[in-house]
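Structural characterization, general
Listed below, chain by chain, are the residues.
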Amino acid sequence: MPVRVTDHASVLLAPNPGPMTLDGTRSYVLAAPGARTRVVVDPGPDDVAHLTALADGPRVELVVITHRHADHTAGAARFAELTGAPVRAADPTHCHPAHPATGGAAGGPGPAGAAAPLRGGEVLHAAGLRIEVVATPGHTADSVSFRLPDDGPHGSVLTGDTILGRGTTVISTPDGSLRDYLASLDVLEAFGTATVLPAHGPHLGDLSAVVRAYRDHRLGRLAEVRAALAGSGIAEAPVTDQLVEQVTAIVYGDVAPGVLPAARQSVRAQLRYLAESP
């Protein structure tokens, strides 16, 4: 069953550990104390046991998605059928309508109506909570975070894969953008000492401090990429597969083979950032 991590959030870890998912994808269950319904963030993979455990309990009123990757979304359609709840995401591809005829976990009907895409700046009111939708593109173009301003003295922010509980974030192809990612870090830093509720890894305190560490790491890697280009005598070049491989071997030569695909994605994003910079 989900384990409570803040006043308003509990977490259920999906059984999908791996090099890219760390110890697994975290599905979050949100509700104010005493609320009769719940909100679920990222149902996770299409694993029947995980989805059934996530659906068990008070009725799920709404499901929201942080971004398009399958470890967050593959189970969403099945979960909508299990609970009757609509699924909303920034990408319309991952929105699913409510199933009014389907009983929720407590036997009640799901809410009626089509599921509209999420919009940055939107405020959701569900399960007794205010949930602010924060556009945080960069990891993917459709990445969003969810801020719970009333969750404890400093609030909390569900960051999806934009900020992880350990390690660093991949700028994912084909739609990830380092420029967007750095701008999203600025947005998140403004939320101060909020609790970080990431999709992978443990929850963290002081969002602003975590953001600063993330930014320092990203800018440090960017400096290494610049140095690799200069050392290779290729200060300016098209972002080709060959160049990506060459720079990855220099900058990420010590990473495990299982995460090399992620390293290549980040290098490609860094090279594009440098190519677009004045």
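Reading the values: rules and limits
Residues numbered from 1 in each chain as written. Predicted model: local features only at pLDDT ≥ 70, side-chain atom pairs only at ≥ 80, totals over all residues. Heavy atoms only, no water. Buried < 20%, exposed > 50% of the residue type's maximum accessible area, 1.4 Å probe, protein only. Helix = DSSP H or I, 4+ residues; strand = E, 2+ residues; numbered from the N terminus. Arc of directions from axis to C-beta. Contact = heavy atoms within 4.5 Å. Pairing = 2+ DSSP bridges. Axes fitted to C-alpha atoms, helices over the stretch in contact; angles between N-to-C directions. Polar contact = N/O pair within 3.5 Å; in protein donor to acceptor, adjacent residues only side chain to side chain. Right-handed = clockwise from strand over helix to strand, strands pointing away.

1. Structural notes on helix α1 (residues 48–55)
- Every buried residue belonging to α1 is among His50, Leu51, Leu54 and Ala55, and all of these are buried. Down the axis of α1, the smallest arc covering the buried residues is 130 degrees, so these residues share one side.
- Those residues of α1 that are buried are in contact with β2 (9–13), β3 (26–30), β4 (37–41) and α3 (76–83).
- The first or second residue beyond α1 is Gly57, which carries a positive phi of 125 degrees.

2. Comments concerning the environment of Pro45
- Structurally, Pro45 can be placed in the loop between β4 and α1.
- Residues within four places of Pro45 in sequence aside, it is in contact with Ala14, Asn16, Leu51, Ala70, Asp71, Ala74 and Gly75.

3. Concerning the sheet that holds β4
- If you trace the 6 strands from one edge of the open sheet to the other, you get β1-β2-β3-β4-β5-β6, paired in mixed fashion. The sheet is open, and its two borders are formed by β1 (3–4) and β6 (87–88), each paired with just one other strand.
- Examined bridge by bridge, β3 and β4 share 3 bridges and lie antiparallel to one another. When the sheet's bridge partners are listed, Tyr28 is paired in β4 with Val41.
- Contacting β4, β5 (59–64) and β6, α3 runs over the sheet at an angle of about 155 degrees to β5.

4. Some points on the sheet that holds strand β7 (residues 123–126)
- Strand order in the open sheet formed by 5 strands is β7-β8-β9-β10-β11, with mixed pairing between adjacent strands. With partners counted over all chains shown, the strands left at the sheet margins are β7 and β11 (195–198), one partner each. Ignoring strand direction, the axes of neighbouring strands in this sheet form an average angle of 25 degrees.

5. A short note on the pairing of strand β8 (residues 129–135)
- Among the 7 residues in β8, 5 count as buried, and that is most of the element.
- When β7 meets β8, the two strands line up antiparallel, connected through 4 bridges. Bridge pairing in β8 places Val123 opposite Glu132.
- Hairpin connection from β7 to β8: 2 residues lie between these consecutive antiparallel strands, with Ala127 at a positive phi of about 55 degrees.
- Bridge analysis of β8 against strand β9 (residues 144–148) gives 4 bridges, and the strand direction is antiparallel. In the sheet register, Glu132 faces β9, and the bridge partner there is Arg147.

6. Some details on unusual backbone geometry
- For the peptide bond that leads from Thr173 to Pro174, omega is 5 degrees, which places it in the cis range.
- Along the chain, the position of Pro174 falls in the loop between β10 (156–160) and α4 (178–189).
- Unlike most non-glycine residues, Asp42 shows phi in positive territory, near 60 degrees.
- By secondary structure assignment, the location of Asp42 is in the loop between β4 and α1.
- For Asp42, a relative accessible area of 2% gives the class buried.
- A positive phi angle, near 55 degrees, is found at Ala127, a position not held by glycine.
- The topology assignment puts Ala127 in the loop between β7 and β8.

7. As for the side chain of His200
- Inspection of the secondary structure puts His200 in the loop between β11 and α5 (207–231).
- Of note is the side chain of His200, whose polar atom sits 3.2 Å from the side chain of Asp71.
- Excluding residues that lie within four positions of it along the chain, His200 makes contacts with Thr21, Leu22, Gly24, Thr25, Arg26, Asp71, His72, Asp161, Leu164, Gly165 and Arg166.

8. Side note on the pairing of β4
- Burial analysis of β4 places 5 of its 5 residues in the buried class, which makes it a mostly covered element.
- Of the two faces of β4, both are covered, the one formed by Thr37, Val39 and Val41 as well as the one formed by Arg38 and Val40.
- Hairpin remark: β3 followed by β4, antiparallel, with 6 residues in the connecting loop; positive phi at Gly34, about 85 degrees.
- One ladder, built from 5 bridges, connects β4 with β5; its direction is parallel. Following the sheet pairing, Val40 is matched in β5 by Val63.
- Running through α1, the crossover from β4 to the neighbouring parallel element β5 is right-handed.

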